[in-house]
Amino acid sequence: MATGTEPAPTDPHPPSGVRGAGRAAIAAPHLRTDRWWLAPAATAAGLLAFVVYSTWRAFANADYYAAPYVSPFYSPCLAENCDTMRHGPNADLFGAWWGISPAIIILIFPLGFRLTCYYYRKAYYRGFWASPPACAVAEPHTKYTGETRFPLILQNVHRYFFYAAIVVAGILTYDTVLAFRDEHYAWGHMGLGTLVFLLNITLIWAYTISCHSCRHIVGGKLKHFSRHPVRYRAWQFVGRLNARHMQLAWASLVSVALADFYVYLVASGVFDDPRFF
C-alpha cells in the first residue's frame, strides 16, 4: 500500500543542459521577445557569402594579376604555375608538381588566423552551430565540451596563426608599395587600384594587431607598467583597437574581397584601371 512517503521514481533519462537540475524551471525556451535571430542569421549569411566567393576565386587560378596589382588571395605566389609578376611576390617553393591553384597554399594562413580568431569563433559558433544562437537563448545541444576536444581544441593554435598573419600582412604591404607603379612598372603613379590596396592593407593591419593575442604579447607578463612605458603605450594602443575588433574583422573581410574583385575586373578586361597621375 502506498503511504505517500515513498521516494519518487528515478527518471532514467534526467533532463540535461538548461533543463537540468539546478536550473530555473521556466517552461518557455527563453523570455526574449525581440528578433534575436536576426544577428546570427546575418552573420551566417555574411560569412557564407565570403566562403562562396573566396572558394570560387581560390580555385579559379585565373585573372589574379594585372600589372602592377596582384590579388591578395594569390600573394605570395608559391608555385611554378603562377603568373610572372615583375618584382612581385613570386617564390617558386613548390615547383612544377603543384598542379592546382597556388592560392590554396597561401590562403591556409589567413584563413587559419580568422577561423581561430576570438571574434570569428563567436560569429560562427552562433551563426552556424547555435552554440548558443544568442544571449539568453539556450543552445539545442545536450552536451557541451567547449574547446577541449578535437576539432575545437585546435582553436588554441591561434597565436601561431597570428605570427603567420603578420608575415602575410607584411607581404601585402609590399604589394601595396608596388601598386605605386603603372602597367609598364614605372614608379610614381597612382591608380584607383592603388587606393583600393591602401584601404585594404590599412584594415588588414588594424584587424591583425587588434587581435587578443597581440594585446597579450605586447603587454603580457608585466608586473609594473611604469617600468615599461613603451610597451604600456603600445598595449594601450592595441587595446583601443581591440575594442573595435568586431568591426575591423568585418571591414577587413570586405576589403580583402574587394581588392581581389578589383584585380579580377581589371585582369579580365572589364575596365582599365583609372589613373590619377
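Each value, and the rule that gives it
- Residues numbered from 1 in each chain as written.
- Predicted model: local features only at pLDDT ≥ 70, side-chain atom pairs only at ≥ 80, totals over all residues.
- Heavy atoms only, no water.
- Helix = DSSP H or I, 4+ residues; strand = E, 2+ residues; numbered from the N terminus.
- Rg over C-alpha atoms; globule rule 2.2 N^0.38 Å.
- Buried < 20%, exposed > 50% of the residue type's maximum accessible area, 1.4 Å probe, protein only.
- Axes fitted to C-alpha atoms, helices over the stretch in contact; angles between N-to-C directions.
- Parallel < 35°, antiparallel > 145°, perpendicular 65-115°, else oblique.
- Left-handed = near helix turned anticlockwise from the far one by under 90°.
- Contact = heavy atoms within 4.5 Å.
- Nonpolar A, V, L, I, M, F, W, Y, C, P; charged D, E, K, R; others polar.
- Salt bridge = Lys/Arg side-chain N within 4 Å of Asp/Glu carboxyl O.

Under an unreviewed UniProt entry, the name given to the chain is Integral membrane protein, and the source organism is Streptomyces achromogenes.

K.L.:
For this particular structure, what's the right way to read the overall build of the chain?
P.N.:
When you go through the chain residue by residue, the secondary structure sums to 8 helices and 2 strands. Overall, the chain shows an N-to-C arrangement of helices and strands of α-β-β-α-α-α-α-α-α-α. For a compact globule of 277 residues, the expected C-alpha radius of gyration is about 19 Å, and the chain comes in at 25 Å, more than 25% above that figure. Expressed as a percentage of the 277 residues in the chain, the buried residues total 39%.

K.L.:
What exactly am I supposed to notice about the packing of helix α6 (residues 212–219) against helix α7 (residues 229–242) here?
P.N.:
A pair of packed helices can be characterised by two numbers: the angle between their axes and the separation between those axes. Viewed as axis vectors pointing N to C, α6 and α7 meet at an angle of 165°, and their least axial separation amounts to 8 Å. Taken together, α6 and α7 sit at an angle that is classed as roughly antiparallel. When you trace α6 past α7, the crossing you get is left-handed. Mapping the contact onto sequence places His212, Cys214, Arg215, Ile217, Val218 and Gly219 in α6 and Arg231, Ala234, Trp235, Val238, Gly239 and Asn242 in α7. For the contact of α6 with α7, the class distribution of residues is 6 nonpolar, 4 polar and 2 charged.

K.L.:
Would you take a moment to explain the environment of tryptophan 97 for this structure?
P.N.:
Among the structural elements, tryptophan 97 can be located in the loop between β2 (69–70) and α2 (103–115). Residue classification places tryptophan 97 among the exposed positions, given a relative accessible area of 63%. Separated by 18 residues in the primary sequence, tryptophan 97 and alanine 79 place their C-alpha atoms 8.5 Å from one another.

K.L.:
What should I look at first to understand the pattern of salt bridges in this one?
P.N.:
Side chains that carry opposite charge are capable of pairing whenever their charged atoms lie near each other. Tallied over the full model, the rule gives 4 salt bridges. Across the pair aspartate 260 and arginine 57 runs a salt bridge, and its minimum N-O distance is 2.8 Å. Here aspartate 260 is found in helix α8 (residues 245–267), whereas its partner arginine 57 is found in helix α1 (residues 38–60), with 203 residues between them in sequence. As far as burial versus exposure is concerned, aspartate 260 and arginine 57 are alike and both buried. Taking the shortest distance from any N to any O, the salt bridge between aspartate 273 and arginine 275 comes out at 3.4 Å. A relative accessible area of 14% places aspartate 273 in the buried class.

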